[in-house]
Amino acid sequence: MLQIREVKKQFKVDGRPVPILDIPEWNVEKGERVAITGPSGSGKSTLLHLVSGILRADSGSIIVDGQPLHELAEAKRDAFRASRIGYVLQDFHLIPSLTARQNIEIAMTARLTSKERRRVVDGWLEQVGLADRSQHRPSQLSRGQQQRIAIVRALVNQPPLLLADEPTGSLDWETADEISALLLELSIAHGHTLIVVTHDLNMAGRFPHCLNIQDVNTVRREAMPLQRHSSGIREGATV
Ligand SMILES: Nc1ncnc2c1ncn2[C@@H]1O[C@H](COP(=O)(O)OP(=O)(O)OP(=O)(O)O)[C@@H](O)[C@H]1O
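Residues numbered from 1 in each chain as written. Predicted model: local features only at pLDDT ≥ 70, side-chain atom pairs only at ≥ 80, totals over all residues.

Q: How do you make sense of the pairing of strand E8 (residues 193-197) when you look at a structure like this?
A: Where a strand is regular, its side chains alternate between the two sheet faces. For E8, a buried count of five out of five residues is recorded, marking the element as mostly surrounded by other parts of the structure. With burial as the criterion, each face of E8 is covered, one bearing Thr-193, Ile-195 and Val-197 and the other bearing Leu-194 and Val-196. Here strand E3 (residues 33-37) runs beside E8; their pairing, made up of four bridges, is parallel. Within the sheet, the bridge partner assigned to Ala-35 lies in E8 and is Val-196. Read as a crossover between parallel neighbours, the route from strand E7 (residues 161-165) over helix H6 (residues 173-190) to E8 is right-handed. (Buried ≥ 20, exposed ≤ 12 C-beta atoms within 10 Å, placed from the backbone. Helix = DSSP H or I, 4+ residues; strand = E, 2+ residues; numbered from the N terminus. Pairing = 2+ DSSP bridges. Right-handed = clockwise from strand over helix to strand, strands pointing away.)

Q: Please clarify how the sheet that holds strand E1 (residues 2-13) should be interpreted in this entry.
A: Hydrogen bonds between backbone groups are what pair the strands of a sheet, and the pairing can be parallel or antiparallel. The strand order across the open sheet built from four strands is E2-E1-E4-E5, with neighbouring strands paired in antiparallel fashion. Both outer strands of the open sheet, strand E2 (16-28) and strand E5 (67-68), are each paired with one neighbouring strand and no more. Bridge count for E1 against E2 is eleven bridges, and the pairing is antiparallel. Looking at the pairing, Arg-5 lines up with Glu-25 of E2. Most of the contacts of helix H1 (residues 44-52) go to E1, to which it runs at about 120°, and overall it touches E1, E2 and strand E4 (59-64). (Contact = placed C-beta atoms within 7 Å. Axes fitted to C-alpha atoms, helices over the stretch in contact; angles between N-to-C directions.)

Q: How should the nonpolar core be read in this particular structure?
A: In globular proteins that are soluble, nonpolar side chains generally tend to be buried together. Counting 51 residues, the largest nonpolar core has Ile-62, Val-152, Leu-163 and Val-196 as the members making the most contacts within it. Of the residues forming this core, the biggest block, six residues, is contributed by helix H5 (residues 143-155). Ignoring sequence-local partners within four residues, the contact set of Leu-163 consists of Leu-48, Val-51, Ser-52, Ile-85, Tyr-87 and Ile-195. (Core = buried A, V, L, I, M, F, W, Y, C linked by C-beta atoms within 7 Å.)

Q: Is there a simple way to think about the site of the ligand in this case?
A: All residues adjacent to the ligand are Phe-11, Val-13, Ile-20, Gly-38, Ser-40, Gly-41, Ser-42, Gly-43, Lys-44, Ser-45 and Thr-46. At the level of elements, E1 and H1 are the ones that each hand at least two residues to the shell around the ligand. Counting residues per element, the shell around the ligand draws most heavily on H1, which supplies three residues. (Near = placed C-beta within 6 Å.)

Q: Would you explain H5 in this entry?
A: In an α-helix there are 3.6 residues to a turn, and that puts residues three or four apart on one side. An ideal rise of 1.5 Å per residue puts 18 Å on 13 residues; H5 measures up with 18 Å between its terminal C-alpha atoms. Judged by how many residues are buried, H5 sits mostly within the fold: ten of 13 residues are covered. Listed as buried for H5 are Gln-146, Gln-147, Arg-148, Ile-149, Ala-150, Ile-151, Val-152, Arg-153, Ala-154 and Leu-155. Its buried side turned inward, H5 meets strand E6 (85-89), helix H3 (100-105), helix H4 (114-127), E7 and H6. (Expected span 1.5 Å × (residues − 1).)

Q: Explain unusual backbone geometry here, please?
A: Note: most residues except glycine have negative phi, and most peptide bonds are trans. Of note, the phi angle at His-93 is positive, near 55°, even though the residue is not glycine. The residue His-93 is located in the loop between E6 and H3 in this model. Overall, His-93 belongs to the partly exposed group, with 13 C-beta atoms counted inside 10 Å. For Glu-166, which is not glycine, the phi dihedral falls at a positive 50°. The topology assignment puts Glu-166 in the loop between E7 and H6. On the basis of neighbour counts, which here come to 20 C-beta atoms within 10 Å, the residue Glu-166 falls in the buried class.

Structure follows, in structure tokens:
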């Protein structure tokens, strides 16, 4: 499903290039479910942005579902993402003025009659336990319910690959646990590949594969060493 070879990405900060990712090789098989963990700032979100085609690598190749992303210009990467990749974010990004049903329908790419659309959305709402919430606006839903709607929106076009960036990051423990279980359940039921970036160790523990990004990324962003001397901690040292 995903093959990464010799991928490098850097950002310019104050005109100075800062290397973020250097991944010699990383593969994810079709149907695999992987949790990616690692320290803050180690490039996890950047990696998802590269895999989804939101960002382009500086060099190397990224092949998603047989499509070499590095060969596509931005507009074609956007079209590829819309049809082949679902994306779930920490803060849901639902449109406040639309109902739950409309937030899902707006993402649907298949040409369907309004009756067919209704049937498809009803089926999904049923699967995530929100059949009776279709007319609610996001502000009338709990945070967990909003994330369920965002998950349906990401899956409604049946993408072969689902990416999620901290999907439980703004939820309480119990709701986070429910959302973790739901993501895994749906990925098994629909056979899509699931890659989740998370700091939630409970969630990571549920996944068959858990990868620390530092196992594939050779860039190390060293913390400034602690420098103590007799008069205390030297200026500029981090504790
Ligand atoms: N557009 C950008 N311009 C400059 N630097 C950036 C940009 N985007 C990300 N970075 C830097 O790249 C590094 C990796 O960021 P990234 O968000 O991928 O880390 P992360 O592992 O997801 O972190 P966290 O766990 O805190 O969300 C960070 O040092 C960040 O400041």
